[in-house]
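Letter by letter, the chains look like this.
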Amino acid sequence: MATYQLIVLVMIAVGVQFGLLSAALLLEFSARKKRPLDVAVPVESDAEEETAGSAATLARRPATVSRIADALKPDPELEPVEAESPAESAPTPIELTPEAIAETEPIEPSVPEISPEIIGEIAPETPAEPIPEVAVEPTAPPVAAAPPPVASEPVRIGIGLRKTREGFLGRIRAAITGSAKIDEIYEGLEEALIAADVGVDASMKIVAAVRAALKNDSRPDAIRGALKGEIERILTASARPMAEPPAGEPLVILLAGVNGAGKTTTIAKLAAMFKEQRGSVTVAAADTFRAAAIEQLEVWCNRVGADIIKQKQGSDPAAVAFDAVKSARARKASTVLIDTAGRLQTKINLMEELKKIGRVVGRELPGAPHEAWLVLDATTGQNALSQARQFGEAVALTGVVLAKLDSSAKGGVIIAIAEQLKLPVRYVGLGEKVEDLRPFDPKEFVEALFEGEESGGGASGSYAA
(Lines give C-alpha, C1' and ligand atoms only; values in the text may rest on other atoms or scores of the structure.)
Protein backbone atom coordinates (compact mmCIF):
# COMPACT_ATOMS: atom_id res chain seq x y z
CA MET A 1 0.00 0.00 0.00
CA ALA A 2 2.88 2.36 0.86
CA THR A 3 4.46 1.71 -2.52
CA TYR A 4 1.22 2.59 -4.29
CA GLN A 5 0.93 5.90 -2.36
CA LEU A 6 4.55 6.75 -3.21
CA ILE A 7 3.93 6.20 -6.91
CA VAL A 8 0.85 8.42 -6.81
CA LEU A 9 2.79 11.23 -5.08
CA VAL A 10 5.57 11.02 -7.66
CA MET A 11 3.08 11.23 -10.51
CA ILE A 12 1.40 14.25 -8.93
CA ALA A 13 4.78 16.00 -8.52
CA VAL A 14 5.71 15.35 -12.13
CA GLY A 15 2.33 16.63 -13.27
CA VAL A 16 2.73 19.86 -11.27
CA GLN A 17 6.18 20.46 -12.76
CA PHE A 18 4.88 19.98 -16.30
CA GLY A 19 1.99 22.31 -15.57
CA LEU A 20 4.31 25.08 -14.30
CA LEU A 21 6.59 24.65 -17.31
CA SER A 22 3.65 24.91 -19.70
CA ALA A 23 2.41 28.08 -17.98
CA ALA A 24 5.85 29.68 -18.24
CA LEU A 25 6.04 28.89 -21.96
CA LEU A 26 2.60 30.40 -22.56
CA LEU A 27 3.57 33.62 -20.79
CA GLU A 28 6.77 33.84 -22.81
CA PHE A 29 4.96 33.42 -26.13
CA SER A 30 2.35 36.02 -25.23
CA ALA A 31 5.04 38.55 -24.22
CA ARG A 32 6.86 38.06 -27.50
CA LYS A 33 3.71 38.77 -29.49
CA LYS A 34 3.33 42.19 -27.77
CA ARG A 35 6.94 43.29 -28.51
CA PRO A 36 7.69 45.52 -31.56
CA LEU A 37 9.16 43.76 -34.56
CA ASP A 38 12.88 44.25 -34.69
CA VAL A 39 14.44 44.78 -38.14
CA ALA A 40 17.65 42.94 -38.54
CA VAL A 41 20.01 44.68 -40.97
CA PRO A 42 23.38 43.25 -41.79
CA VAL A 43 26.13 45.34 -40.16
CA GLU A 44 29.57 45.65 -41.61
CA SER A 45 31.54 45.12 -38.39
CA ASP A 46 33.81 42.71 -36.70
CA ALA A 47 32.84 39.30 -35.37
CA GLU A 48 31.57 40.64 -31.99
CA GLU A 49 29.13 43.09 -33.71
CA GLU A 50 27.86 40.36 -36.08
CA THR A 51 26.99 38.00 -33.23
CA ALA A 52 25.24 40.68 -31.15
CA GLY A 53 21.54 40.73 -32.05
CA SER A 54 19.86 42.12 -29.00
CA ALA A 55 18.15 45.51 -28.67
CA ALA A 56 20.69 46.69 -26.05
CA THR A 57 23.58 46.25 -28.48
CA LEU A 58 21.75 48.26 -31.17
CA ALA A 59 21.02 51.03 -28.68
CA ARG A 60 24.73 51.38 -27.82
CA ARG A 61 25.57 51.87 -31.53
CA PRO A 62 23.99 55.08 -32.90
CA ALA A 63 25.94 54.79 -36.11
CA THR A 64 24.12 51.60 -36.93
CA VAL A 65 20.73 53.20 -36.31
CA SER A 66 21.59 56.11 -38.58
CA ARG A 67 22.57 53.73 -41.33
CA ILE A 68 19.22 52.01 -40.96
CA ALA A 69 17.42 55.31 -41.34
CA ASP A 70 19.44 56.17 -44.40
CA ALA A 71 18.57 52.80 -45.90
CA LEU A 72 14.88 53.45 -45.42
CA LYS A 73 15.00 56.78 -47.31
CA PRO A 74 13.76 56.71 -50.92
CA ASP A 75 16.39 56.48 -53.58
CA PRO A 76 16.51 59.69 -55.65
CA GLU A 77 17.35 57.66 -58.74
CA LEU A 78 13.99 55.89 -58.55
CA GLU A 79 11.88 59.07 -58.34
CA PRO A 80 11.55 59.62 -62.14
CA VAL A 81 9.83 56.29 -62.42
CA GLU A 82 6.70 57.81 -60.82
CA ALA A 83 4.26 58.73 -63.61
CA GLU A 84 2.51 62.16 -63.47
CA SER A 85 -0.26 61.27 -65.93
CA PRO A 86 -2.60 58.26 -66.19
CA ALA A 87 -1.22 57.40 -69.59
CA GLU A 88 2.32 57.28 -68.26
CA SER A 89 1.23 55.28 -65.22
CA ALA A 90 -0.19 52.51 -67.39
CA PRO A 91 1.97 49.38 -67.35
CA THR A 92 4.10 48.93 -70.40
CA PRO A 93 3.37 45.77 -72.40
CA ILE A 94 5.95 43.06 -72.05
CA GLU A 95 7.24 41.86 -75.36
CA LEU A 96 8.10 38.16 -75.36
CA THR A 97 11.09 37.56 -77.56
CA PRO A 98 12.26 34.10 -78.59
CA GLU A 99 15.26 34.56 -76.28
CA ALA A 100 13.00 35.34 -73.33
CA ILE A 101 10.74 32.41 -74.08
CA ALA A 102 13.75 30.09 -74.25
CA GLU A 103 14.99 31.37 -70.86
CA THR A 104 11.58 30.91 -69.23
CA GLU A 105 11.12 27.60 -67.49
CA PRO A 106 8.03 25.78 -68.74
CA ILE A 107 5.29 25.08 -66.22
CA GLU A 108 4.28 21.46 -66.16
CA PRO A 109 0.48 21.11 -66.47
CA SER A 110 -1.27 19.09 -63.79
CA VAL A 111 -3.34 17.19 -66.42
CA PRO A 112 -1.56 15.67 -69.43
CA GLU A 113 -2.48 17.36 -72.65
CA ILE A 114 -3.87 15.12 -75.41
CA SER A 115 -2.06 15.80 -78.64
CA PRO A 116 -3.67 15.53 -82.09
CA GLU A 117 -1.51 12.50 -82.81
CA ILE A 118 -3.02 10.59 -79.85
CA ILE A 119 -6.51 11.65 -80.90
CA GLY A 120 -5.82 10.30 -84.37
CA GLU A 121 -4.77 6.96 -82.92
CA ILE A 122 -7.86 6.69 -80.73
CA ALA A 123 -10.37 7.67 -83.40
CA PRO A 124 -9.96 4.56 -85.60
CA GLU A 125 -11.03 2.31 -82.70
CA THR A 126 -14.66 3.40 -83.08
CA PRO A 127 -15.15 3.76 -86.81
CA ALA A 128 -18.52 4.32 -88.33
CA GLU A 129 -17.76 2.66 -91.67
CA PRO A 130 -17.11 -1.02 -90.65
CA ILE A 131 -20.69 -1.41 -89.33
CA PRO A 132 -22.14 -2.37 -92.74
CA GLU A 133 -19.45 -5.08 -93.06
CA VAL A 134 -20.92 -7.01 -90.08
CA ALA A 135 -24.19 -7.67 -91.86
CA VAL A 136 -25.61 -11.11 -91.02
CA GLU A 137 -26.43 -12.25 -94.51
CA PRO A 138 -24.86 -15.77 -94.70
CA THR A 139 -27.60 -17.32 -92.51
CA ALA A 140 -29.73 -18.45 -95.44
CA PRO A 141 -27.10 -20.49 -97.42
CA PRO A 142 -26.37 -23.09 -94.66
CA VAL A 143 -30.08 -23.90 -94.31
CA ALA A 144 -30.50 -24.27 -98.05
CA ALA A 145 -27.29 -26.30 -98.37
CA ALA A 146 -28.43 -28.98 -95.89
CA PRO A 147 -29.50 -31.94 -98.07
CA PRO A 148 -32.64 -33.84 -97.14
CA PRO A 149 -31.87 -37.21 -95.53
CA VAL A 150 -34.08 -39.06 -97.99
CA ALA A 151 -31.76 -38.26 -100.89
CA SER A 152 -28.89 -40.30 -99.40
CA GLU A 153 -30.96 -43.38 -98.48
CA PRO A 154 -30.75 -45.32 -101.79
CA VAL A 155 -26.97 -44.99 -101.96
CA ARG A 156 -26.46 -46.11 -98.36
CA ILE A 157 -28.79 -49.08 -98.71
CA GLY A 158 -26.92 -50.14 -101.82
CA ILE A 159 -23.66 -50.12 -99.94
CA GLY A 160 -25.27 -52.30 -97.27
CA LEU A 161 -25.07 -55.54 -99.24
CA ARG A 162 -22.31 -54.66 -101.66
CA LYS A 163 -19.53 -56.54 -99.84
CA THR A 164 -21.66 -59.64 -99.30
CA ARG A 165 -23.00 -59.60 -102.86
CA GLU A 166 -19.60 -59.22 -104.51
CA GLY A 167 -18.09 -62.20 -102.70
CA PHE A 168 -21.18 -64.37 -102.84
CA LEU A 169 -21.97 -63.86 -106.52
CA GLY A 170 -18.37 -64.30 -107.54
CA ARG A 171 -18.20 -67.71 -105.90
CA ILE A 172 -21.63 -68.75 -107.26
CA ARG A 173 -20.64 -67.73 -110.78
CA ALA A 174 -17.37 -69.67 -110.57
CA ALA A 175 -19.19 -72.76 -109.22
CA ILE A 176 -21.93 -73.02 -111.85
CA THR A 177 -19.79 -72.14 -114.87
CA GLY A 178 -16.39 -73.62 -114.04
CA SER A 179 -17.18 -77.30 -114.64
CA ALA A 180 -19.47 -79.43 -116.77
CA LYS A 181 -19.81 -82.21 -114.20
CA ILE A 182 -22.94 -82.09 -112.04
CA ASP A 183 -21.22 -83.24 -108.86
CA GLU A 184 -18.47 -80.65 -109.14
CA ILE A 185 -21.02 -77.90 -109.77
CA TYR A 186 -22.97 -78.62 -106.60
CA GLU A 187 -19.83 -79.16 -104.60
CA GLY A 188 -18.60 -75.71 -105.65
CA LEU A 189 -22.03 -74.26 -104.89
CA GLU A 190 -21.89 -75.66 -101.37
CA GLU A 191 -18.43 -74.19 -100.80
CA ALA A 192 -19.64 -70.78 -102.01
CA LEU A 193 -22.50 -70.77 -99.51
CA ILE A 194 -20.24 -71.79 -96.62
CA ALA A 195 -17.76 -69.03 -97.52
CA ALA A 196 -20.63 -66.50 -97.33
CA ASP A 197 -21.26 -67.62 -93.70
CA VAL A 198 -24.51 -69.38 -94.51
CA GLY A 199 -23.25 -72.22 -92.33
CA VAL A 200 -22.43 -75.86 -93.09
CA ASP A 201 -25.80 -77.34 -92.18
CA ALA A 202 -27.81 -74.66 -93.95
CA SER A 203 -25.56 -74.84 -97.04
CA MET A 204 -25.95 -78.59 -97.34
CA LYS A 205 -29.73 -78.34 -97.01
CA ILE A 206 -29.98 -75.60 -99.63
CA VAL A 207 -27.80 -77.47 -102.15
CA ALA A 208 -29.76 -80.68 -101.60
CA ALA A 209 -33.04 -78.86 -102.18
CA VAL A 210 -31.77 -77.22 -105.38
CA ARG A 211 -30.40 -80.51 -106.74
CA ALA A 212 -33.65 -82.31 -105.98
CA ALA A 213 -35.63 -79.61 -107.77
CA LEU A 214 -33.43 -79.57 -110.90
CA LYS A 215 -32.62 -83.27 -111.20
CA ASN A 216 -29.80 -83.40 -113.78
CA ASP A 217 -30.29 -79.86 -115.15
CA SER A 218 -26.91 -78.10 -115.03
CA ARG A 219 -27.75 -74.86 -116.82
CA PRO A 220 -26.39 -71.83 -114.88
CA ASP A 221 -29.64 -69.88 -115.17
CA ALA A 222 -31.66 -72.79 -113.83
CA ILE A 223 -29.31 -73.34 -110.90
CA ARG A 224 -29.28 -69.64 -110.11
CA GLY A 225 -33.08 -69.42 -110.20
CA ALA A 226 -33.53 -72.47 -108.00
CA LEU A 227 -30.99 -71.16 -105.50
CA LYS A 228 -32.80 -67.82 -105.25
CA GLY A 229 -36.12 -69.54 -104.70
CA GLU A 230 -34.79 -71.78 -101.93
CA ILE A 231 -33.13 -68.91 -100.03
CA GLU A 232 -36.28 -66.80 -100.26
CA ARG A 233 -38.36 -69.75 -99.03
CA ILE A 234 -36.16 -70.15 -95.92
CA LEU A 235 -36.28 -66.46 -95.06
CA THR A 236 -40.03 -66.24 -95.62
CA ALA A 237 -40.72 -69.35 -93.54
CA SER A 238 -39.14 -67.76 -90.46
CA ALA A 239 -40.88 -64.40 -90.87
CA ARG A 240 -43.81 -63.55 -88.62
CA PRO A 241 -45.55 -60.31 -87.66
CA MET A 242 -44.72 -58.40 -84.50
CA ALA A 243 -46.83 -58.87 -81.40
CA GLU A 244 -49.45 -56.26 -80.59
CA PRO A 245 -50.08 -55.11 -76.99
CA PRO A 246 -53.60 -54.78 -75.54
CA ALA A 247 -55.51 -51.65 -76.47
CA GLY A 248 -54.22 -48.58 -74.66
CA GLU A 249 -51.03 -50.32 -73.48
CA PRO A 250 -47.48 -49.66 -74.73
CA LEU A 251 -45.53 -52.12 -76.84
CA VAL A 252 -42.62 -53.32 -74.67
CA ILE A 253 -39.49 -54.49 -76.50
CA LEU A 254 -36.50 -55.98 -74.67
CA LEU A 255 -33.17 -55.73 -76.48
CA ALA A 256 -30.17 -57.87 -75.61
CA GLY A 257 -26.73 -58.42 -77.07
CA VAL A 258 -23.04 -58.59 -76.30
CA ASN A 259 -20.86 -55.52 -75.86
CA GLY A 260 -19.84 -53.93 -79.13
CA ALA A 261 -22.68 -55.35 -81.21
CA GLY A 262 -24.19 -51.89 -81.77
CA LYS A 263 -27.07 -52.24 -79.31
CA THR A 264 -27.11 -48.62 -78.07
CA THR A 265 -27.18 -47.04 -81.52
CA THR A 266 -29.74 -49.60 -82.66
CA ILE A 267 -32.04 -48.59 -79.78
CA ALA A 268 -31.70 -44.94 -80.79
CA LYS A 269 -32.61 -45.75 -84.40
CA LEU A 270 -35.59 -47.84 -83.28
CA ALA A 271 -36.75 -45.00 -81.01
CA ALA A 272 -36.71 -42.55 -83.90
CA MET A 273 -38.56 -45.00 -86.16
CA PHE A 274 -41.25 -45.95 -83.64
CA LYS A 275 -41.78 -42.32 -82.65
CA GLU A 276 -42.59 -41.49 -86.26
CA GLN A 277 -44.79 -44.55 -86.78
CA ARG A 278 -46.50 -45.07 -83.42
CA GLY A 279 -46.04 -41.97 -81.23
CA SER A 280 -44.11 -41.19 -78.05
CA VAL A 281 -41.33 -43.57 -77.01
CA THR A 282 -39.87 -44.31 -73.56
CA VAL A 283 -36.38 -45.80 -73.23
CA ALA A 284 -35.29 -47.68 -70.11
CA ALA A 285 -31.56 -47.27 -69.42
CA ALA A 286 -31.25 -50.66 -67.74
CA ASP A 287 -27.59 -51.08 -68.69
CA THR A 288 -26.34 -49.98 -65.27
CA PHE A 289 -23.23 -52.13 -65.45
CA ARG A 290 -21.13 -50.55 -68.21
CA ALA A 291 -19.50 -47.19 -67.46
CA ALA A 292 -21.01 -44.23 -69.35
CA ALA A 293 -23.70 -46.43 -70.91
CA ILE A 294 -26.49 -44.32 -69.36
CA GLU A 295 -24.93 -41.04 -70.52
CA GLN A 296 -24.44 -42.36 -74.05
CA LEU A 297 -28.03 -43.52 -74.28
CA GLU A 298 -29.26 -40.21 -72.88
CA VAL A 299 -27.46 -38.30 -75.62
CA TRP A 300 -29.13 -40.44 -78.27
CA CYS A 301 -32.57 -40.02 -76.69
CA ASN A 302 -32.15 -36.25 -76.68
CA ARG A 303 -31.30 -36.37 -80.39
CA VAL A 304 -34.32 -38.41 -81.44
CA GLY A 305 -36.74 -36.87 -78.91
CA ALA A 306 -37.44 -39.95 -76.79
CA ASP A 307 -38.08 -40.01 -73.03
CA ILE A 308 -35.52 -41.82 -70.92
CA ILE A 309 -35.93 -43.46 -67.50
CA LYS A 310 -32.63 -43.87 -65.69
CA GLN A 311 -31.00 -44.37 -62.31
CA LYS A 312 -27.44 -44.11 -61.10
CA GLN A 313 -24.81 -46.59 -62.24
CA GLY A 314 -24.94 -49.87 -60.33
CA SER A 315 -28.69 -49.75 -59.72
CA ASP A 316 -30.92 -52.77 -60.21
CA PRO A 317 -31.65 -53.09 -63.95
CA ALA A 318 -34.99 -54.77 -63.27
CA ALA A 319 -36.08 -51.75 -61.17
CA VAL A 320 -35.22 -49.38 -64.02
CA ALA A 321 -37.22 -51.47 -66.49
CA PHE A 322 -40.16 -51.63 -64.06
CA ASP A 323 -40.15 -47.82 -63.64
CA ALA A 324 -39.99 -47.31 -67.41
CA VAL A 325 -43.05 -49.49 -68.07
CA LYS A 326 -44.98 -47.87 -65.25
CA SER A 327 -44.09 -44.37 -66.48
CA ALA A 328 -45.02 -45.24 -70.08
CA ARG A 329 -48.44 -46.50 -68.97
CA ALA A 330 -49.05 -43.32 -66.97
CA ARG A 331 -48.00 -41.07 -69.86
CA LYS A 332 -49.84 -43.13 -72.48
CA ALA A 333 -46.61 -43.77 -74.41
CA SER A 334 -46.87 -46.09 -77.38
CA THR A 335 -43.55 -47.94 -77.11
CA VAL A 336 -41.04 -48.93 -74.43
CA LEU A 337 -37.51 -49.95 -75.41
CA ILE A 338 -35.49 -51.64 -72.66
CA ASP A 339 -31.73 -51.46 -73.00
CA THR A 340 -29.90 -54.24 -71.13
CA ALA A 341 -26.27 -54.66 -70.17
CA GLY A 342 -24.04 -56.09 -72.84
CA ARG A 343 -22.76 -59.46 -71.71
CA LEU A 344 -21.10 -62.59 -73.01
CA GLN A 345 -23.40 -65.50 -73.61
CA THR A 346 -21.20 -67.62 -71.29
CA LYS A 347 -21.77 -65.49 -68.17
CA ILE A 348 -24.43 -67.39 -66.22
CA ASN A 349 -25.07 -64.72 -63.56
CA LEU A 350 -25.60 -61.97 -66.12
CA MET A 351 -27.95 -64.13 -68.11
CA GLU A 352 -29.95 -64.76 -64.93
CA GLU A 353 -30.24 -61.01 -64.49
CA LEU A 354 -31.74 -60.82 -67.97
CA LYS A 355 -34.37 -63.35 -66.95
CA LYS A 356 -35.18 -61.25 -63.88
CA ILE A 357 -35.86 -58.17 -66.03
CA GLY A 358 -38.39 -60.16 -68.06
CA ARG A 359 -40.17 -61.40 -64.93
CA VAL A 360 -40.36 -57.96 -63.26
CA VAL A 361 -41.66 -56.25 -66.39
CA GLY A 362 -44.32 -58.96 -66.71
CA ARG A 363 -45.60 -58.16 -63.21
CA GLU A 364 -46.23 -54.52 -64.10
CA LEU A 365 -47.77 -55.29 -67.50
CA PRO A 366 -49.01 -58.83 -68.13
CA GLY A 367 -47.66 -60.22 -71.38
CA ALA A 368 -44.63 -57.89 -71.41
CA PRO A 369 -42.11 -57.88 -72.85
CA HIS A 370 -44.09 -58.40 -76.03
CA GLU A 371 -40.94 -58.63 -78.15
CA ALA A 372 -37.41 -59.73 -77.22
CA TRP A 373 -34.83 -58.97 -79.89
CA LEU A 374 -31.21 -59.94 -80.05
CA VAL A 375 -28.85 -57.36 -81.62
CA LEU A 376 -26.13 -59.16 -83.58
CA ASP A 377 -23.01 -57.83 -85.25
CA ALA A 378 -23.02 -58.97 -88.86
CA THR A 379 -19.22 -58.99 -88.93
CA THR A 380 -19.05 -61.84 -86.39
CA GLY A 381 -20.42 -64.38 -88.84
CA GLN A 382 -21.08 -67.83 -87.39
CA ASN A 383 -20.37 -66.60 -83.83
CA ALA A 384 -23.73 -64.82 -84.06
CA LEU A 385 -25.43 -68.26 -84.11
CA SER A 386 -23.77 -69.20 -80.84
CA GLN A 387 -24.89 -65.94 -79.24
CA ALA A 388 -28.46 -66.41 -80.44
CA ARG A 389 -28.65 -69.92 -78.98
CA GLN A 390 -27.37 -68.86 -75.55
CA PHE A 391 -29.56 -65.78 -75.30
CA GLY A 392 -32.53 -67.81 -76.48
CA GLU A 393 -32.18 -70.01 -73.40
CA ALA A 394 -32.45 -66.98 -71.07
CA VAL A 395 -35.14 -65.06 -72.93
CA ALA A 396 -37.75 -66.19 -75.43
CA LEU A 397 -36.34 -64.37 -78.44
CA THR A 398 -38.84 -63.21 -81.05
CA GLY A 399 -36.50 -61.65 -83.58
CA VAL A 400 -33.02 -60.52 -84.55
CA VAL A 401 -31.65 -57.10 -85.47
CA LEU A 402 -28.54 -57.44 -87.63
CA ALA A 403 -26.31 -54.38 -87.20
CA LYS A 404 -23.27 -53.31 -89.25
CA LEU A 405 -24.36 -55.19 -92.35
CA ASP A 406 -22.72 -52.51 -94.49
CA SER A 407 -19.30 -53.33 -92.94
CA SER A 408 -19.46 -57.07 -93.48
CA ALA A 409 -19.06 -59.57 -96.31
CA LYS A 410 -20.79 -62.18 -94.12
CA GLY A 411 -24.39 -61.22 -94.78
CA GLY A 412 -25.18 -64.87 -95.44
CA VAL A 413 -25.52 -65.33 -91.67
CA ILE A 414 -29.09 -64.06 -92.08
CA ILE A 415 -29.90 -67.27 -93.95
CA ALA A 416 -28.29 -69.39 -91.23
CA ILE A 417 -30.27 -67.64 -88.47
CA ALA A 418 -33.53 -68.13 -90.32
CA GLU A 419 -32.83 -71.78 -91.21
CA GLN A 420 -31.35 -73.03 -87.92
CA LEU A 421 -32.95 -70.81 -85.26
CA LYS A 422 -36.22 -70.12 -87.06
CA LEU A 423 -35.98 -66.48 -85.92
CA PRO A 424 -37.11 -63.61 -88.15
CA VAL A 425 -34.71 -60.81 -88.94
CA ARG A 426 -36.63 -57.69 -87.95
CA TYR A 427 -34.24 -54.95 -89.03
CA VAL A 428 -30.82 -54.55 -90.62
CA GLY A 429 -28.38 -51.73 -89.93
CA LEU A 430 -26.83 -50.25 -93.06
CA GLY A 431 -24.99 -47.24 -91.64
CA GLU A 432 -24.46 -44.94 -88.68
CA LYS A 433 -27.28 -42.46 -89.32
CA VAL A 434 -30.67 -42.76 -87.66
CA GLU A 435 -32.43 -43.45 -90.95
CA ASP A 436 -29.97 -46.25 -91.85
CA LEU A 437 -31.95 -48.88 -89.92
CA ARG A 438 -34.26 -50.61 -92.41
CA PRO A 439 -37.02 -53.21 -91.97
CA PHE A 440 -35.97 -56.57 -93.37
CA ASP A 441 -37.85 -57.89 -96.38
CA PRO A 442 -36.87 -61.44 -97.53
CA LYS A 443 -37.81 -60.85 -101.19
CA GLU A 444 -35.90 -57.56 -101.37
CA PHE A 445 -32.90 -59.16 -99.72
CA VAL A 446 -32.75 -62.02 -102.23
CA GLU A 447 -33.25 -59.74 -105.22
CA ALA A 448 -30.46 -57.44 -104.00
CA LEU A 449 -28.20 -60.41 -103.25
CA PHE A 450 -28.43 -61.62 -106.86
CA GLU A 451 -28.51 -58.15 -108.42
CA GLY A 452 -26.64 -57.99 -111.72
CA GLU A 453 -26.50 -61.76 -112.34
CA GLU A 454 -29.68 -62.06 -114.36
CA SER A 455 -29.88 -60.94 -117.95
CA GLY A 456 -32.09 -57.96 -118.46
CA GLY A 457 -31.31 -56.51 -115.05
CA GLY A 458 -32.84 -57.22 -111.69
CA ALA A 459 -34.95 -55.51 -109.11
CA SER A 460 -33.43 -52.52 -107.50
CA GLY A 461 -35.11 -52.94 -104.15
CA SER A 462 -34.08 -51.42 -100.91
CA TYR A 463 -30.94 -53.55 -100.75
CA ALA A 464 -29.79 -52.96 -104.32
CA ALA A 465 -26.66 -51.03 -105.18
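Residues numbered from 1 in each chain as written. Predicted model: local features only at pLDDT ≥ 70, side-chain atom pairs only at ≥ 80, totals over all residues. Heavy atoms only, no water.

Draft legend 1. Summary view of the overall build of the protein. When helices and strands are tallied, the protein shows 20 helices and eight strands. When each of the 465 residues of the protein is scored for burial, the buried share is 37%. In the protein, the share of contacts with a sequence separation of at least 24, taken over all contacts with a separation of at least 6, comes to 73%. Total accessible area on the protein is roughly 27800 Å²; 59% of this is exposed by carbon and sulfur atoms. (Helix = DSSP H or I, 4+ residues; strand = E, 2+ residues; numbered from the N terminus. Buried < 20%, exposed > 50% of the residue type's maximum accessible area, 1.4 Å probe, protein only. Contact = heavy atoms within 4.5 Å. Areas by Shrake-Rupley, 256 points an atom, 1.4 Å probe, with all protein chains shown as cover.)

Draft legend 2. The packing of helix α18 (residues 383-394) against helix α19 (residues 413-421), seen in detail. Running from amino to carboxyl end, α18 crosses α19 at an angle of 35 degrees, the nearest separation of the two axes being 10 Å. Both α18 and α19 take part in a crossing whose hand is right-handed. Along the contact surface, α18 presents A384, L385, A388 and R389, while α19 presents V413, A416, I417, Q420 and L421. Looking at the contact of α18 with α19, its residues break down into seven nonpolar, one polar and one charged. (Axes fitted to C-alpha atoms, helices over the stretch in contact; angles between N-to-C directions. Left-handed = near helix turned anticlockwise from the far one by under 90°. Nonpolar A, V, L, I, M, F, W, Y, C, P; charged D, E, K, R; others polar.)

Draft legend 3. Examining the sheet that holds strand β6 (residues 399-403) more closely. Spatially, eight strands are ordered β3-β2-β4-β1-β5-β6-β7-β8 in an open sheet, and the strand pairing comes out mixed. Among the strands making up the open sheet, the edge pair consists of β3 (307-309) and β8 (437-439). Across the sheet, the mean angle from the axis of one strand to that of its neighbour is 25 degrees, orientation sign disregarded. In this structure, strand β1 (residues 251-256) lies alongside strand β5 (residues 371-377), joined through four bridges in parallel fashion. Paired with L254 across the two strands is A372, which belongs to β5. Sitting on the sheet, α18 is in contact with β1 and β5, with an inclination near 155 degrees to β5. (Pairing = 2+ DSSP bridges.)

Draft legend 4. Broad picture of the pairing of strand β2 (residues 281-285). A large share of β2 lies buried, amounting to five of its five residues. In β2, alternate side chains face the same way, and those of V281, V283 and A285 on one face and T282 and A284 on the other are all buried. Sheet topology places β2 next to strand β4 (residues 335-339); five bridges connect them, and they run parallel. Along β4, the bridge assignment pairs V281 with T335. In this sheet, β3 lies alongside β2 in parallel orientation, the contact comprising three bridges.

Draft legend 5. Structural context of unusual backbone geometry. For the bond running from A368 to P369, omega is -5 degrees, close enough to zero to count as cis. Relative to the helices and strands, P369 resides in the loop between α17 (348-364) and β5. Phi is positive for A292, which is not a glycine, with a value near 70 degrees. Along the chain, A292 falls in the loop between β2 and α15 (293-304).

Draft legend 6. A look at the environment of K181. Position of K181 among the secondary structure elements: in the loop between α10 (162-177) and α11 (182-195). Taking the C-alpha atoms as reference, K181 lies 8.2 Å from S218; in sequence the two are 37 residues apart.

Draft legend 7. Representation of the nonpolar core in the model. Ranked by size, the top nonpolar core spans 103 residues in total, and within it F168, L227, L337 and I338 carry the most contacts. In this structure L227 touches F168, I172, L189, L193, I206, V210 and F450, once residues within four positions along its chain are discounted. (Core = buried A, V, L, I, M, F, W, Y, C linked by side-chain atoms within 4.5 Å.)

Draft legend 8. Main features of α10. Its 16 residues place the ends of α10 22 Å apart at the C-alpha level, agreeing with the 22 Å of an ideal helix rising 1.5 Å per residue. For α10, the full list of buried residues reads T164, R165, F168, L169, I172, A175 and I176. Viewed along the axis of α10, the buried residues span an arc of 125 degrees, placing them on a single side of the element. The exposed set on the far side of α10, more than 90 degrees from its buried face, consists of E166 and T177. (Expected span 1.5 Å × (residues − 1). Arc of directions from axis to C-beta.)

Draft legend 9. View of the packing of aromatic side chains. If you walk through the whole model with that rule in mind, you get two aromatic pairs. Ring plane angle 55 degrees and centroid distance 5.8 Å describe the contact between W373 and Y427, whose orientation is recorded as tilted. Of this pair, W373 sits in strand β5 while Y427 sits in strand β7 (residues 425-429), and the two are 54 residues apart along the sequence. For the residue pair W373 and Y427, the accessibility class agrees, reading buried in each case. (Phe/Tyr/Trp six-rings, centres within 6.5 Å; stacked < 30°, edge-to-face > 60°.)

Draft legend 10. Representation of α17 in the model. Across its 17 residues, α17 extends 25 Å between first and last C-alpha, which sits within 8% of the 24 Å expected from 1.5 Å per residue. Three or more residues of α17 are buried, namely L350, M351, L354, I357, V360, V361 and E364. Considering only its buried residues, α17 is in contact with β1, α16 (317-331), β4 and α18.

Draft legend 11. Region of interest: the pattern of salt bridges. One pass over the structure, following the stated rule, counts 16 salt bridges. Taking the shortest distance from any N to any O, the salt bridge between K310 and E298 comes out at 2.8 Å. With a gap of 12 residues between them, K310 in the loop between β3 and α16 and E298 in helix α15 connect regions that are remote in the sequence. Two residues, D307 and R331, come together in a salt bridge whose shortest N-O distance is 3.5 Å. Here R331 lies in helix α16 and D307 lies in strand β3, a separation of 24 residues in the sequence. On the basis of relative accessibility, which here comes to 33%, the residue D307 falls in the partly exposed class. (Salt bridge = Lys/Arg side-chain N within 4 Å of Asp/Glu carboxyl O.)

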